[in-house]
Amino acid sequence: MTTLSSRFTARLRMAALAGCAALALAGCNATDSEVARKANKPLSPEMVSLLAKKDMAPSTPILVRIFKQESELEVWKVTSEGNYALLKTYPICRWSGELGPKVGTGDRQAPEGFYTITPGQMNPNSSYYLAFNLGFPNAYDKSYGRTGDFLMVHGDCSSSGCYAMTDDQISEIFSLARESFAGGQRAFQVQAYPFRMTAKNLARYRNNPNMAFWRNLKQGYDHFEVTKQEPKVSVCNRTYVFDATPAPGRGFEPAMACPPYQVPEQIASAVAAKQRSDDAQVAALSTSSPVAPVKTGADGGMHPIFLAKLKERETGQLSYTQAPGRLPEYVNPPKETPAKLQADALLRADEGDGAPASTGSVAAPADPANPAASGAKPQPVVTAAAKPVAASASGTLNAATTATGASR
């Protein structure tokens, strides 16, 4: 771990100048002092205290995970031990479309997949307070000919294919990213999922035409879960592959067949054990679990904490719910269609299932070869000590298919 931490620190120092320069340019180009003030707002004393409590520094790298169905955005940061741990979960104020990937311009779909955010994608002059561009379409999306521009995570609680937060929330997230870039992180990863990749959710959505795509996303989800390291993302055969190194002289091409590649043995075995356990649970649950609707017609979602505040505004009856930020007067909730009510009821029935531990760490299983036997999850894998093992693309990956979905 000492060697890993030293290398990590060295990489941070090498990248610090580039990150600071890019962010400084964003501030210098701002013609409005108010824009510069928003972009450079310091972290609050409460956030500084939370970082210290979780053994994190403001300058360490971040990683973001988004869950549509639960309407939650997580910010993870690297601790002094070199692993990612959960810093904070933010309720999403509004997202649009249905569960499923974005396919084309105008379909109102919020993207799903793995996206890379550089300092140049941070927008301090956004019409929606502050924003960062997800970088859609990525290499995977382009391999399917998917189109769309300016898909963001932003403020203002209004969405047309984006993930919208309150202004207070995006201000804090923006500041956390800014500090990580200043600390040397060249880019941070956003993992956008339809829902938490639990066995119950996979069983519930087993009839959804997007399931092959979602199982491909789950491979990356599992890599992060077992390693607590940002998975290296590549695309070949129009499929995501994770933590893979191609054979010498070969490379990954998004629309071409996958070449032979290697995945570190410790990661491959830990992911395989988790997937076996999850698959067994999905099979057992699929015999009795109710099936969730493929489409709700509700046009997206909103976290219950914000729905309660809107209800309070309509009825005048105080809910005593504290929402993180002010809701603009023009914000509208998703439509209350029968299918939407059904999907929400299924989610409430399992509220809290699958949420990661607040520290991002897990207990060691009694049997490392079979973590399911003890009901525990594997400890984060120390990737520096891993030995590579050959992996066949055709033997280890589920083919992703072009997913259907409503349009932005």
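Right above here is the structure, for reference.
From a predicted model like this one, the values you see are computed outputs, not experimental measurements.

### Quick look at the environment of Leu217
Among the secondary structure elements, Leu217 is positioned in helix α7 (residues 211–227). Sequence separation of Leu217 and Met197 is 20 residues, and the distance between their C-alpha atoms is 8.9 Å. Setting aside anything within four residues of it in sequence, one finds Leu217 in contact with Glu112, Gly113, Phe114, Ala192, Tyr193, Pro194, Met197 and Tyr240.

### A few points about the pattern of salt bridges
This model, assessed by the stated rule, comprises 18 salt bridges. With a shortest N-O distance of 3.5 Å, Lys340 and Asp344 are connected by a salt bridge. Of the two residues, Lys340 and Asp344 both sit in helix α10 (residues 338–349), 4 residues apart, roughly one turn of that helix. When salt bridges that share partners are traced, they join Arg65, Glu72, Glu74, Arg196 and Glu225 into one network.

### Things to note about the environment of Leu176
Here Leu176 is to be found in helix α5 (residues 167–182). Judged by relative accessible area, Leu176 falls into the buried class, the value being 1%. Each C-alpha atom, one on Leu176 and one on Lys77, is 9.4 Å from the other, the two residues being 99 residues apart in sequence. Every residue in contact with Leu176, bar those within four places of it in the chain, is listed here: Leu43, Met47, Ile62, Val75, Lys77, Leu87 and Tyr90.

### Some words on the packing of α7 against helix α8 (residues 265–285)
Orientation of α7 relative to α8, taken along the N-to-C sense of each, is 120 degrees, at an axis distance of 9 Å. Judged by the inter-axis angle, α7 sits oblique to α8. When you trace α7 past α8, the crossing you get is right-handed. Judged by residue contacts, Arg215, Lys218, Gln219, Tyr221, Asp222, His223, Glu225, Val226 and Thr227 of α7 engage Ile267, Ala270, Val271, Lys274, Gln275, Asp278, Asp279 and Val282 from α8. Here the contact of α7 with α8 is built from residues that sort into 6 nonpolar, 4 polar and 7 charged.

Analysis parameters
Throughout, residues of each chain are indexed from 1 in the direction in which the sequence is written. Totals for whole chains, interfaces and linings use all residues, but because this is a predicted model, local features are given only for residues with pLDDT of at least 70 and pairs of side-chain atoms are given and counted only at 80 or more. Side-chain numbers come from the whole structure's heavy atoms, not from hydrogens or water. Here a strand is any run of E in DSSP of at least two residues, a helix any run of H or I of at least four, and the numbering for each starts at the N terminus. Residue contacts are defined here by distance: any two heavy atoms, one from each residue, within 4.5 Å place the two residues in contact. A pairing counts as a salt bridge when a side-chain nitrogen of Lys or Arg comes within 4 Å of a carboxyl oxygen of Asp or Glu. Working definition: with a 1.4 Å probe on protein chains only, accessible area under 20% of the residue-type maximum means buried, over 50% means exposed, and in between means partly exposed. A fitted line through C-alpha atoms serves as each axis, taken over the contacting stretch for helices, and the angle formed by two N-to-C directions is quoted from 0 to 180°. Angle categories: roughly parallel below 35 degrees, roughly antiparallel above 145, roughly perpendicular from 65 to 115, and oblique for all the rest. Crossings are classed by handedness, with left-handed meaning an anticlockwise turn of the near helix from the far one by less than a right angle and right-handed meaning a clockwise turn. All amino acids are sorted into three groups, where Ala, Val, Leu, Ile, Met, Phe, Trp, Tyr, Cys and Pro are nonpolar, Asp, Glu, Lys and Arg are charged, and the leftover types, Gly among them, are polar.

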